[in-house]
Amino acid sequence: MDLDLSPGEAAFRDEVRAWLAAALPARIRDKVRAQKRLTKADHEAWHALLAGRGWLCLHWPRALGGAGFTPVQKHIFEAEMVAADAPRIVPFGPNMLGPVLIEFGTAAQKAHCLPRILSGADWWCQGYSEPGAGSDLASLATRAVREGDHYIVNGQKTWTTLGHHANAMFALVRTDPAAPKPQQGISFLLIDMASPGVEVRPIVTLDGEHEVNEVWLTDVRVPVENLVGRENDGWTVAKYLLGFERTGLAGTAFSRQGFEHLKRIARIEQADGRPLAEDPAFSLRMAEVEIDLMAMDVFNLRMVSAANAGEAIGPEASLIKIKGTELRQRITDLLRRAVGPYAMPFVPEAFDEGYNDAPIGPGHAAPLARQYFNMRKLSIYGGSNEIQKNIVAKTMLGL
Amino acid sequence: MDLDLSPGEAAFRDEVRAWLAAALPARIRDKVRAQKRLTKADHEAWHALLAGRGWLCLHWPRALGGAGFTPVQKHIFEAEMVAADAPRIVPFGPNMLGPVLIEFGTAAQKAHCLPRILSGADWWCQGYSEPGAGSDLASLATRAVREGDHYIVNGQKTWTTLGHHANAMFALVRTDPAAPKPQQGISFLLIDMASPGVEVRPIVTLDGEHEVNEVWLTDVRVPVENLVGRENDGWTVAKYLLGFERTGLAGTAFSRQGFEHLKRIARIEQADGRPLAEDPAFSLRMAEVEIDLMAMDVFNLRMVSAANAGEAIGPEASLIKIKGTELRQRITDLLRRAVGPYAMPFVPEAFDEGYNDAPIGPGHAAPLARQYFNMRKLSIYGGSNEIQKNIVAKTMLGL
Amino acid sequence: MEFTLSEERRMLAETAARYLRERYPLELRHANAARAEGFSPAQWREMAELGLVAALLPPEAGGLGGAGADIALVFEHLGRALVVEPFLATGVLGATPLWRLGGPEAGALLESAAAGATLLALAHGEPEGRYAPAHVATTAREGAAGWRLAGRKAVVLNGDAAARLVVSARVSGALTDEDGLALFLVEAGAPGLTRRGYGTVEGGRAAEITLEDCPAAPLGAPGTAFPVIEEVLARACLALSAEVLGLAETAKGITLEHMRTRKQFGRPIGQFQALQHRMVEMVLEIEQLRSAVMLAAARLGAPRRERERAVSAAKNLAGRVGRLVAEECIQIHGGIGMTWEHALPHYAKRLVMIDHLFGDSDHHLARFRDLGMAG
Amino acid sequence: MEFTLSEERRMLAETAARYLRERYPLELRHANAARAEGFSPAQWREMAELGLVAALLPPEAGGLGGAGADIALVFEHLGRALVVEPFLATGVLGATPLWRLGGPEAGALLESAAAGATLLALAHGEPEGRYAPAHVATTAREGAAGWRLAGRKAVVLNGDAAARLVVSARVSGALTDEDGLALFLVEAGAPGLTRRGYGTVEGGRAAEITLEDCPAAPLGAPGTAFPVIEEVLARACLALSAEVLGLAETAKGITLEHMRTRKQFGRPIGQFQALQHRMVEMVLEIEQLRSAVMLAAARLGAPRRERERAVSAAKNLAGRVGRLVAEECIQIHGGIGMTWEHALPHYAKRLVMIDHLFGDSDHHLARFRDLGMAG
C-alpha cells in the first residue's frame, strides 16, 4: 500500500506540469483564474495546443491520435490541468463521442469523425436530456422515423451545454415507440446542426449566463449512415458513454483548487480584527472540509488505482459522484461566505475580457456568489445525486 | 400577540410551583435529579400526592376527579413538574385510558375504572405494539375470538412500558381477520393481568435497564363487558388516544431542563484551561441548540395556544414530535460529550437508592452516556419520526 | 399567551397581500429590478400610499405601527412577493435613526419617507468592517463651517437612489470602539460625496460611497450613537428574517406544486419518499424560523440583551433556513430550477444573499453566544 | 500509488478473520466482557499466539509488523467482531513506550506482552485533563531510593488487570507544558499504587489509579517523553479509528440484513426510499472513513506534523461517522435495535464511546486545524 506517486508517475506529473507551464497562453490562464468568460475561440485555441501535444483525447489509443493514458495518468493529467488554471477540455467530442465511436462506430464513422475531433473541425454537443426526461432518461420522446435512407427526427433536447458553439450533435432518439420497455427502442444518431429544422435557443441560467441551450428538431433529415450501433440499441451505447462520463466525476482537483483559493481568501479577509482563517468558527468549518477532502482524495485514488488495475468501477462511482459534488458545493459555499457583504455586488460585464474597471470590494469577491449558484448544477447533472443514491441502494446494497 | 404568560397564567404557575416545592418529597426529587431508578412505590406515592391535590388526571373534567386543566394550564403544569424534578405521571391510566373511557366507555366501565385510576388501585399498561407491528400498528396479529361471554385472546405484545408493575392492560386485538382493510376488525379490550395465560417477560435494553416488557397472551379469557367502544371499531378508539398521546410530545420542558443542566456542567468541566462553556467550538454548539430550543418553545406554545382556543391540532403535532425529540437527543448528545473520558465509566448499582460510594469522576458524569443511549427511543416510539414525516407529507403537504 | 393578530394588523396583512397578489407579478418585479433605480418609483409610491412604509414606523415618527410585529408582518409579505422596492433602506435603515435621534429636519423627512416621496439609506458598513457593528473608520470633524465627514462606506443598500443618507462616523475612539460614534444626515448632492451604484446578485441595488470633506448634519449628540445603530441593525435583522420567512413560504409552495405535477419514472416526484422526507424537514425548519421571528418581533421592545439575543437567534435561523430552503428547492426542481425564466431561483438567490446583510448565520450565532455569556 | 495488501498482511487478515468468525461469537464476547477481568485471558492468549498482538509491533520490539497498515488491519478486524480483549492497552498503549524508550526490562517485557503473557496499560490521562495530551499533574521525584510518583490517573484502559503500568509524570514545568514529562514503569503490586476498576458503558474495563509515593522505573531520560507520548496517542488513535471502521462495517451489514427482511406496511423496509438514501449516506461516510484510516496508516511513519494531521483527520472522521452509523442503525431498526439481546446496540455503544477516548471529534478537528496553521 502506497498513497504516493511512484517515481514513474512523478516523472509523468513533472512532464505534464512543465508542458502546461510552457504551452498554456497566459491570456487564457488569467481568464480561467479570474473566472472570466471563455470565448469559443479560446476553447478552440487551447484544444489545438493540446491536440498538437497529443493530449486532447485522453482515453483514445495512440494509434488513433489519442493520448493512450492509463487511468492513473489521466488522473494526474487532469489534476495538473486544474492546478495550472487551464480551461477544461470540452468533453463532448474527445471524452464522449470519441470513445463511443471507437467502440461502436462503423469504419466510415471513425474515419470521418475522429480526425475532425482531433483537428477541431467539429464541435460536438450532446442531445440526451429532454424537458420531460430529466433524470429519467429512458422516457425520452424525441422521435426518429425511418424514411428511405434517412431518419426524420422531431422533438426537443435541452440542457445542451455549449450547443450554440456546436456544428454537430450526438443524440438519443426513439425509433420504436412500441418497444415493451422504455429503454428499448432508442437509437443513437449523429446530427448535423446545419440541417434544416435544427434550432438552438439559449437557456439563461439563474446567474444570468448563457451556457446551455434548448435544441428544437423539426423534421430534421439524418442519413441512416449516421446511426451509431444498431437501431433500437441506443441504450447500450448510452450506458457505455455514461460509464466514461462517470470517471472523474469526483472533481477532487477542482475541490482542492477551490479549497486552496479559500485558504488564500481567508488569510486576506478580516473578521473581528484577525484574518478569517483564524476565526474560531470559520477555521473549524474549513478544517472539516479539508478532512473530508483528504479522505475524498484517497477514496478517488482507490477508484483510479482499481481502474488502472483493469477492475470495473461499479456503484462506487456513484458514491464518488455524490460526495465529490457535495464537497465542491460546500467549498463554493464557504467561499461565498468568506467575503461577507462583498458577495453582494454583481457586475456581469466584469467577466468579459477587457473589462478594466476597479472591482467592487476585493477583486477575489466578484465571482463567488455567482459560482456558488452555478455550482448547484453539480448535484443535478450527470445523473442527479438522488439517482446515484438509488443506483447504490439497488446495485451495491441490494435493497 | 403576546408570548408571555398573562397575569392569570402566571398566578397559576406560581400556585403549581409553590405546591410542588412543598409537596414533592425530597427523597424522590433527589432520585429524579440524579437519574436514579424509581421504584413502583415511589411512583405510587407521588401519584397519591397528586391525586390528593386533584392534579393526577389532568385532562379529565373536575366532575370526574380530574384537574380540568385547559391546554395552557396543562402545559404550564407539566413544565413546572419537570423543572421541580418531579417524576413524570405514569401516563397509561391518567392520560391514556381515562380519556378513552370518558369518551367511549360504558357507564359501568367508567364507574369501575376511573376511581381506581385516581386511587392508584389499578396500574394500567398499554398493549399496542407487537413484534411484527412496530410503526405499522394496523398489521397487529393478536387474535380475540368471541366464545359466549368472553373473548379468548392469543398473541404477543411488546414494548410494554412498566408492564411488570401493571395489574391491568388496555390492548388492541384483532376480532375480524377477514375485514377488508387492516385497520378494520380491531377491537379495544381491557385485560386483567392476573388472568391465567398472561405472562410478562422483561426486555433488557441496551443500557442494561428493565423498563419495557413482552406480554404473552395465551388463551386469556376476557369478559365481553371489557370491550371499549364497538367490536371491530378499535381503530377509532386508538386514533382518539393517539391524538391525546401526541400533545406534549415535544418535551420542550425536558429539553429546557437538559439544556440548563448542560450549561451547569459546561461551566464546571475544563477544556484547555478554561470552562467548556467558553470553548470556542463547544459554546457554539450550545448556542445553536439554544436557538433551536427557543424557537421550538414558541412553536410549541403556538400549538398549545391553538388547542386552548379549541382548534384541532393536525399534522403540526407530527412536526413538533419530530423536532422536539431531535432536540432532546441533541442535548443528551452534548451532555455526553461534555464530560469527556468520564462518560465511559458505568456502575449500574450507582443508580439504586442507597448507593453511597464516591462516583467515578465528577458526580454529574455517571448517567450521561446511559441517558444518551436510552433517549434514542424518543425518535422511535410514539410513532417513529419517519412515520411522522409520512403523515406530514400526506396530510399537510398533499404529496 | 396570545398568538392572534390584532384587527389593525389583520387589515394591514390583507392590504399587503391583495396589492402584491394583484399588482406585483414576478415579471413586473424583474422589470422593476432592471430599472436604473433598481425598483419602480411608481409602485413604491403606491405601496407607501397603502401605508406599508408607515407601518414600519411608530405614530411619534409619523407612522402607523412600528412594533416588531408590524415589521415582521410587512416583510414577510414583501418576501412572499420578492419585492425589490426600498422598504428596508428607507423604512427601517434610514428612518429609524431619524425617529430615534430627531433633529430639526426629522419630522418632515419621516413624513415624506413614509409617503414614498423621499428615499433614505444608511451608510454604515465599511470595506474592512464585515459584520462588526461598531467598526467605523470614517471620521467626523467639526470645523468652522460645521461637520465634515471623510471615509468609505460599503454595500450601502439603495445608496445610489437615496435622496438623504444617514452616515455613521467616528468622532473619537479606536476603530471598533462602541463609544465615539455618531450619525449624520448627508444630502445626496453634497459636495465631496461620491456614489458608485451597482446591481446585486439577487436583483437589488447598492452603492460604494466615498466621503471627502463632505458636509453633514449631526443626528443627536455626536459620540453616543452606538445604541441607536444597534437598534437600527436589530430592526433590520428582524425585517430580513421575516423576509426570509416569506421567501421560504413561496419557495416551498412553488416546490410543492412542482412535486405534485412533475413526473419522473411514471409518477409525480412528490411520491418519492426520500423527497417527501426532505420536504418535511424543510417545512419543519420554516416553522422554526416562523417561531423565531415571532419571538424576535415580541422582544424588539425588550431590554437590550433580551432584544439582541432574540434578534440574533432569528437572523441565525434565517441564514440556516434560507440556505437550506434555497438549496433543497433547487435540487428538487433539477435543471429547471436553475433557469432564469423560472420563479424559484430568484427566490433562492434572495434567500441565500440575505445572509450577507448585517451578519451571517455564523456572526449571529457567535453574537448570541457572547450575549448569553455576558449575562 | 498502490492499494493492494502485501502477502504477509493478506495472511494476517485471513488469520484474524477466520479466528474471529469461528471462535468469537457475540455471546462469547458478552461472556468475556462480563468476567472480572473484562475479557477472556484464554482467548487473549490464543489470539496472541496467532500473532495478532505481535502484528502491532515492529521486529525490533519483538513484533511482526508494527506499521500503520498492520495496526489498521488488526483493529478493523477486532472492530468487526467487537473484541473486548486488551489489544489497545497492551499492544499499543503499553508496548509503544517500551519499544521507543527501551530500558533494561523492555525486551523481555515486550516479548511477554506480544505472547499474551503480560498485560500492560498506559496511565496517562488525569481527572482534569480531558483530552489535552500534555496535561500531567502527577509528579515524579528522584530520591535516595529511586523515583517516586504521586498523583491520580483517570480512565486507564484495562488498568485493573495490567501487570505493569506505563505512567506519565512531570519532572518539571507547568501543568500543560510539553517539556518536563517522563514515562515510568510501575509494577501492579507496587506500594502506594491503588486501583479502582470498573466497567465501561460499552462493555470494557478501566480503572482510576492513585499513586502515593509509588516507586517507579524511568523509561528513557525523564523530562523528554512528550514526543513518545504523542506517538503513542497517534498509534492509539489510528487503532481506534480502524476499529470504528470495522464496527461500522458490521453494524451496516446487520442493518442491511434487517432492511431486507423486516416488513412494515407489507414490504421490506429496505424498499422505502427515504431509508435507502440514508443508508447510502452512511455507506458513503464509511468509505470516507476507510480512506482516512488508510491515509493515517500510510502517514504513521511520516514527520510529526504530517503524521498528526492525518491521525487527527482519521479520529475526527471516526467520531463523526461512528456516531452517525450508531444513531442511524438504531433508528432504522426501531425498538429492537435498543434491546440488549440484539447485536446491533452493542456495536452502536462502542461506535459512540470510542469518541471519548484520546480526543473526540471536536478535539481532533481543532487539533487538525491548529497543526495546519503552524505549518
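Definitions and limits used
- Residues numbered from 1 in each chain as written.
- Chains lettered and ligands numbered in written order.
- Predicted model: local features only at pLDDT ≥ 70, side-chain atom pairs only at ≥ 80, totals over all residues.
- Heavy atoms only, no water.
- Helix = DSSP H or I, 4+ residues; strand = E, 2+ residues; numbered from the N terminus.
- Rg over C-alpha atoms; globule rule 2.2 N^0.38 Å.
- Buried < 20%, exposed > 50% of the residue type's maximum accessible area, 1.4 Å probe, protein only.
- Contact = heavy atoms within 4.5 Å.
- Areas by Shrake-Rupley, 256 points an atom, 1.4 Å probe, with all protein chains shown as cover.
- Lys, Arg positive; Asp, Glu negative; His and termini not counted.
- Charge placed at Lys NZ, Arg CZ, Asp CG, Glu CD.
- Domains from an automatic or database assignment.
- Buried area = accessible area lost by both parts, 1.4 Å probe.
- Salt bridge = Lys/Arg side-chain N within 4 Å of Asp/Glu carboxyl O.
- Nonpolar A, V, L, I, M, F, W, Y, C, P; charged D, E, K, R; others polar.
- Axes fitted to C-alpha atoms, helices over the stretch in contact; angles between N-to-C directions.
- Parallel < 35°, antiparallel > 145°, perpendicular 65-115°, else oblique.
- Left-handed = near helix turned anticlockwise from the far one by under 90°.
- Expected span 1.5 Å × (residues − 1).
- Arc of directions from axis to C-beta.
- pLDDT = per-residue confidence, 0-100.
- UniProt positions renumbered as here; feature names shortened; annotations may be inferred.
- Polar contact = N/O pair within 3.5 Å; in protein donor to acceptor, adjacent residues only side chain to side chain.
- Phe/Tyr/Trp six-rings, centres within 6.5 Å; stacked < 30°, edge-to-face > 60°.
- Lys NZ or Arg CZ within 6 Å of the ring centre and 35° of its normal.
- Pairing = 2+ DSSP bridges.

What to know about the overall build of chain A
Here's step 1: Across its full length, chain A carries 12 helices and 10 strands.
Here's step 2: Whereas a compact globule of 399 residues would reach a radius of gyration of roughly 21 Å, chain A reaches 22 Å, a difference of no more than 12%.
Here's step 3: With the C-alpha coordinates of chain A rotated into their principal frame, the extents come out at 75 × 50 × 50 Å.
Here's step 4: Buried residues in chain A amount to 54% of all 399 residues.
Here's step 5: Within chain A, contacts between residues at least 6 apart in sequence are counted, and of these 71% link residues at least 24 apart.
Here's step 6: Total accessible area computed for chain A in this model is approximately 15,500 Å², and 54% of it derives from carbon and sulfur atoms.
Here's step 7: The centroid of the 43 positive side-chain charges in chain A is displaced by 2 Å from the centroid of its 47 negative side-chain charges.

Points about the domain arrangement of chain C
All names here are of chain C.
Here's step 1: As far as domains go, chain C holds domain 1 (7-114), domain 2 (120-223) and domain 3 (228-373).
Here's step 2: Between domain 2 and domain 3, the C-alpha centre-to-centre distance is 30 Å.
Here's step 3: Contacts between the two partners involve 11 residues from domain 2 and, on the opposite side, 15 residues from domain 3.
Here's step 4: Taking both sides of the interface into account, the surface hidden between domain 2 and domain 3 amounts to around 1,200 Å²; carbon and sulfur atoms contribute 76%.
Here's step 5: Linking domain 2 with domain 3 are one salt bridge, by the criterion used here.
Here's step 6: In this structure, Arg 350 and Glu 202 form a salt bridge, with 2.9 Å as the shortest nitrogen-oxygen distance.
Here's step 7: Grouping the constituent residues of the side of domain 2 that touches domain 3 by class yields seven nonpolar, two polar and two charged.

Details of the packing of helix H9 (residues 304-333) of chain D against helix H10 (residues 344-353) of chain D
Residue and element names in this part refer to chain D.
Here's step 1: The geometry of H9 relative to H10 is characterised by a closest axis approach of 8 Å and an angle of 155° between their N-to-C directions. The angle between H9 and H10 places the two elements in the roughly antiparallel class. Viewed along their axes, H9 and H10 form a crossing whose handedness is left-handed. For the pair formed by H9 and H10, the contact residues are Gly 322, Arg 323, Val 325, Ala 326, Cys 329, Ile 330 and His 333 on the first element and Leu 344, Ala 348, Leu 351 and Val 352 on the second.
Here's step 2: A breakdown of the residues in the contact of H9 with H10 according to their chemical character gives eight nonpolar, two polar and one charged.

Examining the environment of C:Ala36
Here's step 1: Among the structural elements, C:Ala36 can be located in the loop between helix H2 (26-34) and helix H3 (41-49).
Here's step 2: C-alpha separation for the pair C:Ala36 and C:Gly199, spaced 163 residues apart in sequence, amounts to 9.2 Å.

Here's the deal with helix H8 (residues 252-268) of chain B
All names here are of chain B.
Here's step 1: With 17 residues, H8 extends 24 Å between its outermost C-alpha atoms, agreeing within 8% with the 24 Å of an ideal straight helix rising 1.5 Å per residue.
Here's step 2: Taken together, the buried positions of H8 are Thr 252, Ser 255, Gly 258, Phe 259, Leu 262, Ile 265 and Ala 266. Here the buried residues of H8 occupy an arc of 140° about the axis, which is enough to place them on one side. In H8, the exposed positions that point more than 90 degrees away from the buried face belong to Arg 267 and Ile 268.

Some remarks on the confidence of the model for chain C
Here's step 1: Taken residue by residue, chain C gives an average pLDDT of 96. The fraction at 70 or more is 99%.
Here's step 2: Of the two predicted TM-score estimates for the complex, the pTM is 0.97 and the ipTM is 0.97.

A few points about the UniProt feature "domain: Acyl-CoA dehydrogenase/oxidase N-terminal" (unreviewed entry) in chain C
Here's step 1: According to UniProt, the feature "domain: Acyl-CoA dehydrogenase/oxidase N-terminal" (unreviewed entry) maps to residues 6-105 of chain C in the numbering used here.
Here's step 2: The span residues 6-105 of chain C shows a helical share of 64% and a strand share of 0%, and its end C-alpha atoms are spaced 33 Å apart.

Re the interface of chain C and chain A
Here's step 1: With 41 residues of chain C at the contact, the number on the chain A side is 49 residues.
Here's step 2: Where chain C abuts chain A, roughly 3,800 Å² becomes buried across the two surfaces, and 58% of that area is made up of carbon and sulfur atoms.
Here's step 3: Of all residues in chain C, C:Arg130, C:Met338 and C:His356 give up the largest surface area on contact with chain A, accounting jointly for 20% of the area buried on that side.
Here's step 4: Counting the contacts that link chain C with chain A gives six salt bridges.
Here's step 5: Where chain C meets chain A, there are 19 residue pairs in polar contact (both at pLDDT 80 or more).
Here's step 6: Elements supplying a minimum of two residues to the side of chain C that touches chain A: strand E3 (146-157), strand E6 (193-199), strand E8 (263-264), helix H8 (273-298), helix H9 (304-333), helix H10 (344-353) and helix H11 (361-374) of chain C.

Some words on the side chain of D:Asp360
Here's step 1: The topology assignment puts D:Asp360 in the loop between H10 and helix H11 (361-374).
Here's step 2: Despite its burial, D:Asp360 remains without a salt bridge, the nearest opposite charge being carried by D:Arg130 at 4.3 Å.
Here's step 3: Once you skip the residues sitting within four places of it in the chain, D:Asp360 turns out to touch B:Arg337, D:Arg130, D:Tyr131 and D:Asp355.

A look at the packing of aromatic side chains
Here's step 1: Enumeration according to the criterion identifies 27 aromatic pairs over all chains in this entry.
Here's step 2: When the ring of A:Trp55 is compared with that of A:Phe69, the centres are 6.1 Å apart and the planes differ by 55°; the resulting orientation is tilted. Separated by 14 residues along the polypeptide, A:Trp55 in the loop between helix H3 (40-53) and helix H4 (71-83) and A:Phe69 in the loop between H3 and H4 bring together distant segments of the chain. The residues A:Trp55 and A:Phe69 share a single accessibility class, namely buried.
Here's step 3: Consider the rings of A:Tyr128 and A:Phe170, whose centres lie 6.2 Å apart with planes at 90°: the pair is edge-to-face. Placement of A:Tyr128 in the loop between strand E1 (124-127) and strand E2 (143-147) and of A:Phe170 in strand E4 (residues 168-174) is noted, with a sequence separation of 42 residues between them.
Here's step 4: Overall, the relative accessible area of 0% leaves A:Phe170 in the buried class.
Here's step 5: Members of the aromatic cluster, each reached through a chain of ring pairs, are A:Phe12, A:Trp19, A:Trp46, A:Trp55, A:Phe69 and A:Phe77.
Here's step 6: When the ring centre of A:Tyr151 is taken as reference, the NZ or CZ atom of A:Arg146 above it lies at 5.9 Å.
Here's step 7: The side chain of B:Arg336 reaches across the aromatic face of B:Tyr372, ending 4.3 Å from its centre.

What to know about H9(D)
All names here are of chain D.
Here's step 1: Relative to the 44 Å expected for 30 residues at 1.5 Å per residue, H9 spans 42 Å between its end C-alpha atoms, a close match to the ideal helical length.
Here's step 2: Counting buried residues in H9 gives 24 out of 30 residues, a clear majority hidden from the surface.
Here's step 3: Within two residues after H9, Gly 334 carries a phi angle of roughly 75°, on the positive side.

Overview of the domain arrangement of chain A
Here's step 1: Domain boundaries in chain A define domain 1 (7-89), domain 2 (124-232) and domain 3 (250-395).
Here's step 2: The distance between the C-alpha centroids of domain 1 of chain A and domain 2 of chain A comes to 30 Å.

Quick notes on the pairing of strand E3 (residues 146-157) of chain D
All names here are of chain D.
Here's step 1: Where strand E2 (residues 139-143) meets E3, five bridges bridge the pair, whose relative direction is antiparallel. If you follow Glu 142 over to E3, its bridge partner there is Trp 147.
Here's step 2: Turn length for the E2-E3 hairpin, with the two strands adjacent in sequence and antiparallel, is two residues.
Here's step 3: Where E3 lies against strand E7 (residues 205-223), eight bridges are found, and the strand directions are antiparallel. Paired with Arg 148 across the two strands is Pro 215, which belongs to E7.

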